[in-house]
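Residue strings, one per chain:
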Amino acid sequence: MTTMTQDEVIIIKIGGSSITNKATEETLNQHAIDWFAKLISASVHTSFLFRDKEEQEQQEEENHATNEKRKTKPKFVVVHGAGSFGHHSAKRYGLQCGKAALLKGGSLSPSTTGDTDDDEKCKSNSSSSRQKRKRFQMEALSKTRHSVQKLNAAMVKSLLDQGVNACTISPGISLPGMRAYGRSCCSSSSSSTTTDTNTISGNDGSVAAMELLCQSINEALDAGLLPVVHGDACLLDENHAGILGGDTLVEGLVSSEKMKESVHKVIFISDIAGVFTSDPKINKDARLIRSLKVDVTTGEVTIDDGDGDDAAEMDVSGSSHAHDVTGGLKAKLGAAVTAVQCGKEVVIAKCCSTSAEKYIQGESSSAEEGTLISRKL
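Residues numbered from 1 in each chain as written. Predicted model: local features only at pLDDT ≥ 70, side-chain atom pairs only at ≥ 80, totals over all residues. Heavy atoms only, no water.

## Some thoughts on the packing of helix α9 (residues 206-223) against helix α10 (residues 246-254)
Where α9 meets α10, the axes come as close as 9 Å, and the angle between the chain directions of the two elements is 80°. Comparing their axes, α10 and α9 come out roughly perpendicular. Contacts between α9 and α10 involve M210, L213, C214 and I217 from the first element and L249, G252 and L253 from the second. (Axes fitted to C-alpha atoms, helices over the stretch in contact; angles between N-to-C directions. Helix = DSSP H or I, 4+ residues; strand = E, 2+ residues; numbered from the N terminus. Parallel < 35°, antiparallel > 145°, perpendicular 65-115°, else oblique. Contact = heavy atoms within 4.5 Å.)

Shown next as C-alpha cells:
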C-alpha cells in the first residue's frame, strides 16, 4: 500500500453517467451522489471538514483501522461529468467536444439550427448569417452551462450535508483564455495573421488558462476547501462554443506545472467496473481487464492481466449512451494515458462499489474489481 502524506493530492473524476440517469434529461442519481459524498467525508483529511473537534476525533477513531498505515489522509480534487445535465442540451444544439475538435485539426463545423433554410443561409459569409450563427452558439453555451451547474449544485450540497467544506470551481467562462479543448501546446499551421474562425490555434492562451485553473484549485486546497470542478460548456473561439469534458480537465490538471508535483493518483469512478474487452452492457462475454500498461514514450496501451493473454483486444470506440458528446471510455483512457505519462497512478472503478471505496481509502490491494493503469517497465 502506498503511504500518503497530507501534501499529496488525489484527483477523483466521477462520470456523469454514474451520478445521473443519462437517458432522462436533468435526472439525478441521488443515491450515487450521497454514496460519493459520504465516502469523501470519511476519507478526506479532517482539515477539509467543518464538524466540531469532538466529531472529527470520533470519525478518526472509526477510520483508524483502514488508515493505520497512512501517514495521514489525502487531499482530494473532485471533477465530475455532466451526464443528463448538459449532454442532452449539447446534443440538441450540436455542440462538439472541444478535445475532439482539436484532434480533428480544429475544424469547426457550423451548428445546425434545425431549420434547413436557415442552415443554408448560415453557410454564407454575410455579416447577418455570421451573427445569427454566433447567437445560436452562445445560446447553446448558456443553456448547456446552466444545466451543468444544476448538477454541480447538487454535488456540492450533498458534500456539505456530510460536513465537507466543498466549493465549486467553474472552469468555463470564469478564466481568461479557457477553451473547450482544455490546453493546447500545438502550433497553428496557418499564418499568424489569419482570422479564420474554423482554425484552432495553439497560441490562444489555453495553457495559461489551465494554469490559472490549477492555481485556483491549489489556493482552495491550501485554505481547506475541497474543489468540485465540473465539465462545462465554454468557448472554442470567439464565435463558437463547445464542451470542455471532465476527462479533458483531468488531462489538463495532471500535466499542469502547478499541480504535477502534488498529484499522486487519479481515480476514475465510472458506471462499469473498469475497462473491459468490449462493452459489458452489450456483450455479456466481455471480460474485465484488471491491469493495463502504458508505454510512456509512445502512449501505446497493452493488456497485462496476469494470465499471459496479451493478444486480447479492447473495444473503446466510444460511449453506449446516446446523448454522450464527450467520447465515453475512449476519452477516459486518453486522460488515463496522459496521467500515467505524467507519472501518476490511475484506477478505474465502479460507482457505489466496495472496490471504489477501497481505492479511495488507500486499500487498493484488497479491491476485487477495477482496472489499474500504470507505466510499462
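## Observations concerning the pairing of strand β2 (residues 75-80)
With six of six residues buried, β2 lies mostly within the body of the structure. The two faces of β2 match: K75, V77 and V79 on one face and F76, V78 and H80 on the other face are all buried. Relative to β2, strand β1 (residues 9-14) runs parallel, the two sharing six bridges. Across the sheet, residue I12 finds its bridge partner in β2, namely V78. (Buried < 20%, exposed > 50% of the residue type's maximum accessible area, 1.4 Å probe, protein only. Pairing = 2+ DSSP bridges.)

## Let's talk about the pattern of salt bridges
Using the criterion set out here, one finds 11 salt bridges in the structure. Put simply, R145 and D232 hold a salt bridge, and the shortest N to O gap is 3.0 Å. With R145 in helix α8 (residues 127-161) and D232 in strand β6 (residues 232-235), this residue pair connects regions lying 87 residues apart in the sequence. We classify D232 as buried; its relative accessible area is 2%. Notably, a salt bridge pairs K157 with D161, separated by 3.0 Å at the nearest N-O pair. Of this pair, K157 and D161 both sit in helix α8, separated by four residues, roughly a single helical turn. Accessibility assignment for this pair places K157 and D161 in one class, exposed. Salt bridges here are not isolated pairs; linked through shared partners, they connect K13, D247 and K332. (Salt bridge = Lys/Arg side-chain N within 4 Å of Asp/Glu carboxyl O.)

## A closer look at the sheet that holds strand β11 (residues 291-294)
Pairing is mixed in the open sheet, where nine strands are placed in the order β4-β5-β2-β1-β8-β13-β14-β11-β12. Where the open sheet ends on each side, the last strands, each with one partner, are β4 (166-169) and β12 (301-303). Each strand of the sheet is rotated relative to its neighbour by a mean of 25°, with strand direction disregarded. The sheet contact formed by strand β8 (residues 263-270) and strand β13 (residues 345-350) spans six bridges and is parallel. The residue bridging S270 from the neighbouring strand is K350, located in β13. Contacts from α9 reach β1, β2, β4 and β5 (226-230), with the element oriented near 135° to β2.

## What to know about the sheet that holds strand β7 (residues 241-244)
Taken in spatial order, the three strands of this open sheet run β3-β7-β6, and their pairing is mixed. On the outer flanks of this sheet lie β3 (96-97) and β6, each paired with one strand and no other. Strand direction decides the pairing type here: β6 and β7, joined by four bridges, are antiparallel. Its bridge partner being in β7, C234 is matched across the sheet by G242.

## Overview of the confidence of the model for the protein chain
Put simply, the protein chain has an average pLDDT of 82, and 75% of its residues get 70 or more. Every residue in residues 1-5 scores below 50 in pLDDT, and together they form 16 contacts with partners more than four places removed in sequence or on other chains. Contacts of residues 186-202 to residues separated by more than four positions or lying in other chains number 24 contacts, the stretch itself having pLDDT below 50. (pLDDT = per-residue confidence, 0-100.)

## Considering the packing of helix α2 (residues 30-43) against α8
Here α2 crosses α8 at 45°, and the two axes come no closer than 8 Å. Put simply, α2 runs oblique to α8. Crossing of α2 against α8: the hand is right-handed. Listed contacts from α8 to I33, D34, F36, A37 and I40 of α2 are L151, A154, M155, S158 and L159. (Left-handed = near helix turned anticlockwise from the far one by under 90°.)

## Digging into unusual backbone geometry
Despite not being glycine, E26 has its phi angle at roughly 50°, a positive value. Considering the arrangement of structural elements, one finds E26 in the loop between α1 (16-19) and α2. One non-glycine residue, C352, adopts positive backbone phi at about 70°. In this fold, C352 is placed in the loop between β13 and α12 (354-360).

## Let's talk about the packing of aromatic side chains
Describing an aromatic ring pair means giving the distance of the ring centres and the angle of the ring planes. In the structure shown here, the tally under the stated rule is one aromatic pair. With 5.3 Å between their ring centres and 50° between their planes, Y93 and F136 make a pair best called tilted. With Y93 in helix α5 (residues 87-93) and F136 in helix α8, this residue pair connects regions lying 43 residues apart in the sequence. Each member of the pair, Y93 as well as F136, is classed as buried. (Phe/Tyr/Trp six-rings, centres within 6.5 Å; stacked < 30°, edge-to-face > 60°.)

## Observations regarding the environment of F50
Checked against the element boundaries, F50 lands in the loop between α2 and α3 (53-62). For F50, a relative accessible area of 45% translates into the label partly exposed. Sequence separation between F50 and G163 is 113 residues, and the spatial gap between their C-alpha atoms is 5.5 Å. Those residues in contact with F50, other than ones at most four positions away along the chain, are L160, G163, V164 and N165.

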